[in-house]
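A look at the structure
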Amino acid sequence: MDKKQSKPVISARISPLRRLYKALDDSLTRSELEQLKLLLTPEQLSRKDGENITSACDLFDHLEKICVIGQNDLTLLSELLDTIKRRDLKTLVANFTNTPSPLSCLDKAIRDATTCREWLEIHYKDKMAYINPIAFCESGFRLPLLDVYTKLKLVIRSPRGFEETCKDFRQAFATDGATRILIEGDPGIGKSTFCRKIALDWANKTEPMLERFKLLIVLELRQLVESGDIIQGIFDQLLPTSSEVERVNLQQFMTANQRDILIVLDGADELKESLKGEIMKLVEGDRKSVV
């Protein structure tokens, strides 16, 4: 006698809404199901459709198909359960409605990038808005950056060696779709101050050329201590420990939005020799972000 072969078990992920329908179906009696069907209008449930519906799950599927209930709107379902005096099940529906849906990886990345931007704007407005004109002064004497800033005379040098004087940095950003811009100058000429001014303009939304960047990252290379990891540098230098931004989410956002991110690296000559390799991978790599 042949042994009866068992059918393979196929596991499927049941959505939270489907689990709710099943819980309601298990709790409703046949009589209550018929009451629910009678409460619906002919537009919501025709006689023919009503005859074919034999379970509460079938009824809820039908209502979802004609778009009168759904993931984001279970108002009708709550009203029906209230009418047949099943307030316990109405509470079950209310609890489902008030439970936030799990965020996708993309949603988490966007959420954390938005939070990161808010913290960056706060940091730049607080830390970049003032300069200390006397480095060795211990009194904390500071001057508002916008009151003392003087535009630098920039000279654009093409890969072929041609030079062209431009009025301000906006012309440099608009040159042939450049994604790598190197600013050279003697010590004390104002390179770091220029970086601070860019960050402050972005945070204050006063420079249209910078508004296209969703994130603007200003890092002091001399403060990179353990690695040339840009993401870690953001957490170490720019974000407070209470930011609640997750590294994996921020990295995912930056990878997916490289054209919309400006990375400003200040003090290349102060970078530790052991870290130059990692930074050069960023500068010379095929990333689409602007550095």
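Just above, that's the structure.
Residues numbered from 1 in each chain as written. Predicted model: local features only at pLDDT ≥ 70, side-chain atom pairs only at ≥ 80, totals over all residues. Heavy atoms only, no water.

Quick look at the overall build of the chain
The helix and strand inventory of the chain stands at 13 helices and six strands. Counted over contacts in the chain with a minimum sequence separation of 6, partners at least 24 positions apart contribute 62%. Element-wise, carbon and sulfur atoms account for 52% of the exposed surface of the chain, whose accessible area totals about 19200 Å². (Helix = DSSP H or I, 4+ residues; strand = E, 2+ residues; numbered from the N terminus. Contact = heavy atoms within 4.5 Å. Areas by Shrake-Rupley, 256 points an atom, 1.4 Å probe, with all protein chains shown as cover.)

Some remarks on the pairing of strand β5 (residues 215-220)
Here β5 lies mainly inside the structure; five of its six residues are buried. As paired elements, β5 and strand β6 (residues 261-266) share six bridges and run parallel to each other. Bridge pairing in β6 links Glu220 to Asp266. (Buried < 20%, exposed > 50% of the residue type's maximum accessible area, 1.4 Å probe, protein only. Pairing = 2+ DSSP bridges.)

Observations concerning the packing of helix α1 (residues 16-27) against helix α6 (residues 87-97)
Relative orientation of the contacting elements α1 and α6 amounts to 175°, with a least axis distance of 11 Å. Put simply, α1 runs roughly antiparallel to α6. In this structure, α1 uses Pro16, Leu17, Leu20, Ala23, Leu24 and Ser27 to contact α6, whose residues at the interface are Leu89, Leu92, Val93 and Phe96. When grouped by side-chain class, the residues that make up the contact of α1 with α6 number nine nonpolar, one polar and no charged. (Axes fitted to C-alpha atoms, helices over the stretch in contact; angles between N-to-C directions. Parallel < 35°, antiparallel > 145°, perpendicular 65-115°, else oblique. Nonpolar A, V, L, I, M, F, W, Y, C, P; charged D, E, K, R; others polar.)

Section: the packing of aromatic side chains
For the structure on display, the rule yields two aromatic pairs. With 5.3 Å between their ring centres and 40° between their planes, Tyr21 and Phe60 make a pair best called tilted. With Tyr21 in helix α1 and Phe60 in helix α4 (residues 56-65), this pair connects stretches of sequence that are 39 residues apart. Assigned by exposure class, Tyr21 and Phe60 land together as buried. Ring centres 6.0 Å apart and planes at 70° place the aromatic pair Tyr124 and Trp202 in the edge-to-face group. Taken together, the positions of Tyr124 in helix α7 (residues 105-127) and Trp202 in helix α10 (residues 191-204) put the pair 78 residues apart, joining distant regions of the chain. (Phe/Tyr/Trp six-rings, centres within 6.5 Å; stacked < 30°, edge-to-face > 60°.)

What about the side chain of Ser243?
Following the sequence through the fold, Ser243 ends up in the loop between α11 (230-237) and α12 (247-256). Residue classification places Ser243 among the buried positions, given a relative accessible area of 6%. In this view, Ser243 contacts Thr115 and Trp119; residues no more than four positions away in its chain are not counted.

As for the pattern of salt bridges
What the rule picks out here adds up to 14 salt bridges. Of the charged contacts, one joins Arg86 and Glu32 as a salt bridge, the two residues approaching to 2.9 Å between their closest N and O atoms. On the criterion of sequence distance, the pair formed by Arg86 in the loop between α5 (75-83) and α6 and Glu32 in helix α2 (residues 30-39) is long-range, its members being 54 residues apart. A salt bridge links Arg111 to Asp112, with the nearest nitrogen and oxygen atoms 2.9 Å apart. A relative accessible area of 35% means that Arg111 is categorised as partly exposed. On the basis of relative accessible area, Asp112 is assigned to the buried category, the value being 2%. A single network of salt bridges, built from pairs that share partners, joins Arg18, Asp61 and Glu64. (Salt bridge = Lys/Arg side-chain N within 4 Å of Asp/Glu carboxyl O.)

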